[in-house]
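# Examining the three-dimensional arrangement
Each chain, written out:
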Protein chains: 2
Amino acid sequence: MVGTSPKANSKREDIVEIASRLFYEQGFGATGIKQIIDEVGIAKGTFYSHFQSKEELGLAWLKARHHIWNQWFEDAIAGKGSASTQLIATFDFLASWLKECDYRGCAFINTMAETPNAANPMRGEVMSHKQKLHERFQELAGVHCQDSGEAESVSQTLGTTLYLLFEGALVEAQNFQDSWPIDAARSSAQSLLEN
Amino acid sequence: MVGTSPKANSKREDIVEIASRLFYEQGFGATGIKQIIDEVGIAKGTFYSHFQSKEELGLAWLKARHHIWNQWFEDAIAGKGSASTQLIATFDFLASWLKECDYRGCAFINTMAETPNAANPMRGEVMSHKQKLHERFQELAGVHCQDSGEAESVSQTLGTTLYLLFEGALVEAQNFQDSWPIDAARSSAQSLLEN
DNA sequence: ACTAATTGACCGACCGGTCGGTTTATGCGA
DNA sequence: TCGCATAAACCGACCGGTCGGTCAATTAGT
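Residues numbered from 1 in each chain as written. Chains lettered and ligands numbered in written order. Predicted model: local features only at pLDDT ≥ 70, side-chain atom pairs only at ≥ 80, totals over all residues. Heavy atoms only, no water.

## Concerning the protein's contact with DNA strand C
Lining the immediate surroundings of DNA strand C are 15 residues, of which Thr-46 of chain A together with Ile-33, Lys-44, Tyr-48 and Lys-54 of chain B lie closest. Restricting the count to atoms of DNA strand C within 4 Å of the protein gives a sugar and phosphate share of 50%. Measuring from a phosphate oxygen of DNA strand C, one finds a backbone N or O atom of Ala-43 of chain A at 3.0 Å. Here a phosphate oxygen of DNA strand C sits 2.8 Å away from a polar atom, N or O, in the side chain of Thr-46 of chain A. Of all elements in the fold, only α3 (44-50) of chain A together with α2 (33-40) and α3 (44-50) of chain B reach the threshold of two or more residues within the surface near DNA strand C. For the surface near DNA strand C, the class distribution of residues is four nonpolar, six polar and five charged. (Near = heavy atom within 4 Å. Polar contact = N/O pair within 3.5 Å; in protein donor to acceptor, adjacent residues only side chain to side chain. Helix = DSSP H or I, 4+ residues; strand = E, 2+ residues; numbered from the N terminus. Nonpolar A, V, L, I, M, F, W, Y, C, P; charged D, E, K, R; others polar.)

## Some remarks on the domain arrangement of chain A
All names here are of chain A. Assigned domains within chain A: domain 1 (1-51) and domain 2 (64-193). One C-alpha centre belongs to domain 1, the other to domain 2; they are set 29 Å apart. Listed as interface residues are seven residues of domain 1 and, on the opposing side, ten residues of domain 2. Counting the surface lost from both domain 1 and domain 2, the interface buries some 590 Å², and carbon and sulfur atoms represent 56% of this. Linking domain 1 with domain 2 are zero salt bridges, by the criterion used here. Inspection of the region where domain 1 meets domain 2 yields five residue pairs in polar contact (both at pLDDT 80 or more). (Domains from an automatic or database assignment. Contact = heavy atoms within 4.5 Å. Buried area = accessible area lost by both parts, 1.4 Å probe. Salt bridge = Lys/Arg side-chain N within 4 Å of Asp/Glu carboxyl O.)

## Observations concerning the packing of helix α5 (residues 83-100) of chain B against helix α7 (residues 121-147) of chain B
Residues and elements named next belong to chain B. Running from N to C, α5 and α7 cross one another at 145°; their axes reach a closest spacing of 8 Å. Of the residues in α7, those in contact with Ala-83, Ser-84, Gln-86, Leu-87 and Thr-90 of α5 are Phe-137, Leu-140, Ala-141, Val-143, His-144 and Asp-147. A class-by-class count of the residues in the contact of α5 with α7 yields six nonpolar, four polar and one charged. (Axes fitted to C-alpha atoms, helices over the stretch in contact; angles between N-to-C directions.)

Set out below in structure tokens:
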């Protein structure tokens, strides 16, 4: 065989895939290496031949999570018509995603919560992820303001406000284990978007 | 002496006080009993004569935190004039509090993040705290709407929107380790309050 | 036969929690 | 005021288990 037939996951990918699920469901700190290697079906030493440390695996998790989550986000708003329709669709996406994950919340926010040390590299991944999401909201708001003839300065403010509502709804849905905050945020967003 | 002169803290209060600081700064899961008793200056057995378990101490922490934080909140908005002025003052309070705690964020949100098990009693404390804060925002919004002759149905929506902005700003200030989200939320709130 | 990958026993440190023993405080009869 | 019994508070060694991480030995692939 040249190159292994059905392109099975590499062992490193297996580790990241399984660790990602456990880190998200249980938290990074609460998940031990033992559980990860048991579920992957490898020995401790094999794991440490792929990763220098648990933290390196944590970084790989967050990097992968960033891409997967962004994909979900973009898929959910793609081809939804106008920018304002897309912005509203982000709240529908939020509701269906959080319901599916049983209101476990955002991997990045949860990780930041258990990472008080400013020097922890995982913090950088959180900030970078949120930075890009914020920019995406501003981009969508920018298109909306162009569509409706608003000033550019307004779009910055609007994008940030919608982003804060999105994040607020996300964390409150987790706190209350219910989607009512998302419904409320969606309504607020609708009011903000109709001039 | 009748009743011990300067009314020194009871040992149980000492434990809660010190544990509260450590739980908040480092996280509940990341803080060990050992560190708590060392800093209080008591032995393990003494601790377990005051608390059945670490979780019971965690509950005592959150209950105490609820009262202390509410006090901060109320003190910061008391005597600020109209309800709309008070609502804006909540964002000023948010900014000064988060700066003071070095953007460690909300003890309840952080605890929820590291508590995926739905049966964990600490979750109830989080939900109860946030429920009351949400109600407080709705109450303030209700007064504002009365002042400005708005309908009652609007005040519910307004209170929830401001609450979501408040919480969103709180968690994003933590993510970015900066107060710009609070400034942005304050501006949004101001727009929402001037009809 | 040689190399690369994999193994799991093992390391010291720490986890939450228990328990038998010791110290300290109190009450009381004399 | 003293001696003593009782009880409450406190102590820290110790429990089994888990933590992240290492490494010499073994296996598998070529």
